[in-house]
Amino acid sequence: MKHLPSNKRIAVAGQVLRFSQSGQGSPTIVMLGGAGSALETWFKLFPEIEQLGTVITYDRPGVGGSARPREAQMGTTVILQLRALLREIEARPPFLLVGHSFGGLHANLFARVYPEETCGVLFLEATAPDDVLNMKRYRSALQRAVTGLLDRFSPQDPNDEVSNEAETVAEIAEAPAFPPIPITVLSGGKRLPRLMVSSAAQRERERNQEALVGLSPLGERVIAKGSAHFPQMSEPQLVLEALSKLIRRTQC
């Protein structure tokens, strides 16, 4: 992880957040990691991503070097904290959002609430609202057992973002329509063993990824054939190429 830029901590919106800011110029690329994923999960994209613009990475409350959440991390709370951070560090809009996994929900909501500040979104193996609503019914016996053990020995903080995922999905449903901005949905194409993910779950996931493409008339799809859920780790060059192409399609 030697290529990662140095990071700092800052108090914004009642929270202490760890962040990094590197690169220069437009666009301002804002990286939104998955649930529990610290900013180090982006390390394979550095330093090349810094050639594309100004890059902001950060840890949401309770993740990595950021303090535990002081209030329930519903989607609106998260995007207000993010916007406060961006303003405090004088990051210039418009923003190009990169939302991995659960961070895709926050990118989805941010673009709806602040369309004038958002010029594009890269949904990177991103969670769709219907994943939250429907995927639990497709859990395998192994997944249910693992979840049960985790809940027993490492119970979730009631303020964390996963504990409040239903509220976040409701907020997305109630928010304005997604703006007609360029988006790229980059999905992992590597099939996991059926013991972990059933065929029905795979089909549901595919439908939901296509639904993300349909959020905008300028939506495109990219399949990372050698990746499962972390293309930024297994195929970083493909992610960088998709991001570079997306930037060329935007008005950033």
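Scoring rules and cut-offs
Residues numbered from 1 in each chain as written. Predicted model: local features only at pLDDT ≥ 70, side-chain atom pairs only at ≥ 80, totals over all residues. Heavy atoms only, no water. Phe/Tyr/Trp six-rings, centres within 6.5 Å; stacked < 30°, edge-to-face > 60°. Helix = DSSP H or I, 4+ residues; strand = E, 2+ residues; numbered from the N terminus. Buried < 20%, exposed > 50% of the residue type's maximum accessible area, 1.4 Å probe, protein only. Disulfide = S-S within 2.5 Å.

A. Focus on the packing of aromatic side chains. Using the criterion set out here, one finds three aromatic pairs in the structure. Geometrically, the ring pair formed by Phe 95 and Phe 110 is edge-to-face, given 6.3 Å between the ring centres and 75 degrees between the ring planes. One end of the pair, Phe 95, is in strand 5 (residues 95–100); the other, Phe 110, is in helix 2 (residues 103–113), and 15 residues separate them in sequence. Assessed through its relative accessible area of 0%, Phe 110 is described here as buried. Each ring, one from Phe 123 and one from Phe 178, has its centre 6.3 Å from the other, and the planes form 45 degrees; the classification is tilted. With Phe 123 in strand 6 (residues 118–124) and Phe 178 in the loop between helix 5 (165–174) and strand 7 (183–188), this residue pair connects regions lying 55 residues apart in the sequence. Across this residue pair, the class does not change: Phe 123 and Phe 178 are buried. Pairwise contacts between aromatic rings join Phe 95, Phe 110 and Tyr 114 into one cluster.

B. Representation of the state of the cysteines. Per the stated rule, a full pass over the model turns up one disulfide. For Cys 119, the disulfide goes to Cys 252, at an S-S distance of 1.7 Å. Every disulfide takes its handedness from the sign of the S-S torsion; for Cys 119 and Cys 252 that torsion is 75 degrees, giving right-handed. Taken together, the residues Cys 119 in strand 6 and Cys 252 in the segment after helix 8 (236–249) connect sequence positions 133 residues apart. Judged by its relative accessible area of 29%, Cys 252 is partly exposed.

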